[in-house]
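# Fold and geometry: a report
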Amino acid sequence: MLLFILLVLACVSIAYAIICRFFNPRPLSLSNAHVMITGGSSGIGRAVAIEAVKQGAHVTIIARNKTKLEEAREELKKYTINSNQRVSSKSVDITKDYDLLQTAINQAEAELGPVEVLVNCAGYAEASTFQDTTPEQFQNMLNLNFLGTVYTTKCVIKSMKEQLRGQIVMVSSMAGQIGLFGYTAYASSKFALNGLAQSLHMEMKPYNVMVSVVYPPDTDTPGLAAENISKPEETKLISEAAGVYQPEQVAQTIIEGAKKRKFNISLGIDGLMLTSVNAGMSPVTHLSDAVIQVLSMGIFRLIGLFYIFTFDSIVKKCMKK
Ligand SMILES: NC(=O)C1=CN([C@@H]2O[C@H](COP(=O)(O)OP(=O)(O)OC[C@H]3O[C@@H](n4cnc5c(N)ncnc54)[C@H](OP(=O)(O)O)[C@@H]3O)[C@@H](O)[C@H]2O)C=CC1
Ligand SMILES: CCCCCCCCCCCCCCCC(=O)[C@@H](N)CO
């Protein structure tokens, strides 16, 4: 009897492995690939750049401040694993002049070859109630977090299409999956990435160009420190539910997920639950994700209701104070 059960289990796992081989995309190798990272001079972007260099990639980092860029470039060079690896930086504002951005990216491609992986990481958050959020803050967050990603992605898409190879990574946030107190502007700008990512994924899949969306929780970066200065108490208390991660940890998950070409990349157990319950009609790139989503959606929704209940009571308590 035991032997029979073992035999059945073995057959099932072999069948699963075979189906996965056909269903899941072939993983990418970063060795000698050109990886471009916006926001690569600080925080999560910088950690992603380091991880890519460690895996043998040629790396271009994009940001505005030249001093910070140069300092990051010097650090990145320390992690190269072979002598032909190149690390380049381009100082350009991804929200302003589209032609200038295209020129900078063309230059980077002429130097390091066509971009194979683009990580859209430049972004920022300012939390405040809807009433206190100015129209300019709405514009600024949409400009950087959403349009910055649109523009940079547009600049590499033609060459990816021609190469029949590419991975576009968009760094969203857990707040791009659940709307939270204080994040009317920020969450909107991150939710917008999802419509972009899903549509682009469907358009580009026939060209072997795929999209990943990453949903990090709070991460210990200069960006988070700046955000915390003016963050409402409610937003702080609610965000604590998912904890604070280190940028290196987030970067490793991003690189691993991008190499596997996963559409959704999440962190931690609540990240997994939130992503599964949000799966909706999003594309599925990996069989294991589909299996988890199909089996868990109901139960994760139930667990989610408890989170929502807790968040609502935090808001109520703060209001009473
Ligand atoms: N830290 C966190 O808690 C979380 C962050 N995220 C997301 O991760 C991403 C990175 O966050 P984090 O590491 O904290 O950010 P940081 O503030 O540490 O770094 C932001 C980077 O973006 C660059 N940047 C900002 N504006 C522009 C611009 N207009 N054009 C080009 N580059 C620009 C900055 O350089 P410069 O100013 O010189 O241009 C810097 O390199 C963001 O999209 C954020 O929303 C998601 C979840 C949690
Ligand atoms: C099944 C249901 C599971 C539900 C889990 C819900 C947990 C919600 C916590 C949300 C934390 C949001 C952090 C945003 C961080 C961010 O983007 C800014 N810090 C950027 O600077």
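Scroll up a little and you will see the structure.
A brief structural summary.

Rules of the game
Residues numbered from 1 in each chain as written. Chains lettered and ligands numbered in written order. Predicted model: local features only at pLDDT ≥ 70, side-chain atom pairs only at ≥ 80, totals over all residues. Heavy atoms only, no water. Buried < 20%, exposed > 50% of the residue type's maximum accessible area, 1.4 Å probe, protein only. Helix = DSSP H or I, 4+ residues; strand = E, 2+ residues; numbered from the N terminus. Contact = heavy atoms within 4.5 Å. Axes fitted to C-alpha atoms, helices over the stretch in contact; angles between N-to-C directions. Parallel < 35°, antiparallel > 145°, perpendicular 65-115°, else oblique. Left-handed = near helix turned anticlockwise from the far one by under 90°. Polar contact = N/O pair within 3.5 Å; in protein donor to acceptor, adjacent residues only side chain to side chain. Pairing = 2+ DSSP bridges. Right-handed = clockwise from strand over helix to strand, strands pointing away. Near = heavy atom within 4 Å. Areas by Shrake-Rupley, 256 points an atom, 1.4 Å probe, with all protein chains shown as cover.

## Quick notes on helix α10 (residues 268-277)
All of the buried residues in α10 are D270, G271, M273, L274, T275 and S276. Those residues of α10 that are buried are in contact with β6 (209-215), β7 (264-266) and α11 (287-320).

## Remarks on the packing of helix α2 (residues 43-54) against helix α9 (residues 247-260)
Angle between the axes and distance between the axes: these two values describe a pair of packed helices. Axis separation between α2 and α9 bottoms out at 8 Å; the angle between their running directions is 55°. Taken as axis vectors, α2 and α9 run oblique relative to one another. Helix-helix and strand crossings are classified by hand; for α2 and α9 the assignment is right-handed. Side by side, α2 and α9 meet where G43, I44, A47, V48, E51 and A52 of the first sit next to P247, E248, V250, A251, Q252, I254 and I255 of the second.

## Some words on the side chain of S173
Mapped onto the fold, S173 is located in the loop between β5 (166-171) and α6 (184-204). The buried category is assigned to S173, whose relative accessible area is 8%. A distance of 2.8 Å separates a polar side-chain atom of S173 from the backbone nitrogen of A175. Those residues in contact with S173 that sit more than four places away from it in its chain are Y186, K190, V214, Y215 and P216.

## Overview of the sheet that holds strand β4 (residues 115-120)
Picture the strands of a sheet paired through backbone hydrogen bonds; they go either parallel or antiparallel. Read from one edge to the other, the open sheet built from seven strands follows the order β3-β2-β1-β4-β5-β6-β7, with strand pairing classed as parallel. Because the sheet does not close on itself, it has two edges, and the strands there are β3 (87-91) and β7. On average, each strand axis in the sheet is tilted by 20° relative to the strand beside it, whichever way the strands run. As paired elements, β6 and β7 share three bridges and run parallel to each other. Bridge pairing links V214 to I265 in β7. Where α9 meets the sheet, it contacts β5, β6 and β7, and its direction lies at approximately 155° from that of β7.

## Let's talk about the side chain of H201
Structurally, H201 can be placed in helix α6. Non-local contacts of H201, meaning those with residues more than four positions away in its chain, are made with M210, V211, F263, P283 and T285.

## Topic: the pairing of β5
With six of six residues buried, β5 is to be regarded as a mostly interior element. What you see with β5 is no split at all: G166, I168 and M170 on one side and Q167, V169 and V171 on the other are buried throughout. Here β4 pairs with β5 via four bridges, running parallel. Looking at the pairing, V117 lines up with Q167 of β5. After leaving β4, the chain enters helix α5 (residues 135-163) and then returns to the sheet as β5, a path that is right-handed. Pairing of β5 with β6 involves six bridges; the strand directions are parallel. Bridge assignment links Q167 to a residue of β6, and that residue is M210.

## Some points on the site of ligand 2
By nearness alone, 17 residues border ligand 2, and S173, Y186, D218, E227 and F300 come closest of all. Separating a nitrogen atom of ligand 2 from a side-chain N or O atom of D218 is a distance of 2.6 Å. Between ligand 2 and E227, the relevant distance is 2.6 Å, taken from an oxygen atom to a side-chain nitrogen or oxygen of the residue. Burial of ligand 2 by the surrounding chains reaches 94%, relative to a free accessible area of 600 Å². Looking at the shell around ligand 2, the elements that each hand over two or more residues are α7 (222-229), α10 and α11. Looking at the shell around ligand 2, the element that brings in the most residues is α11, giving four residues.

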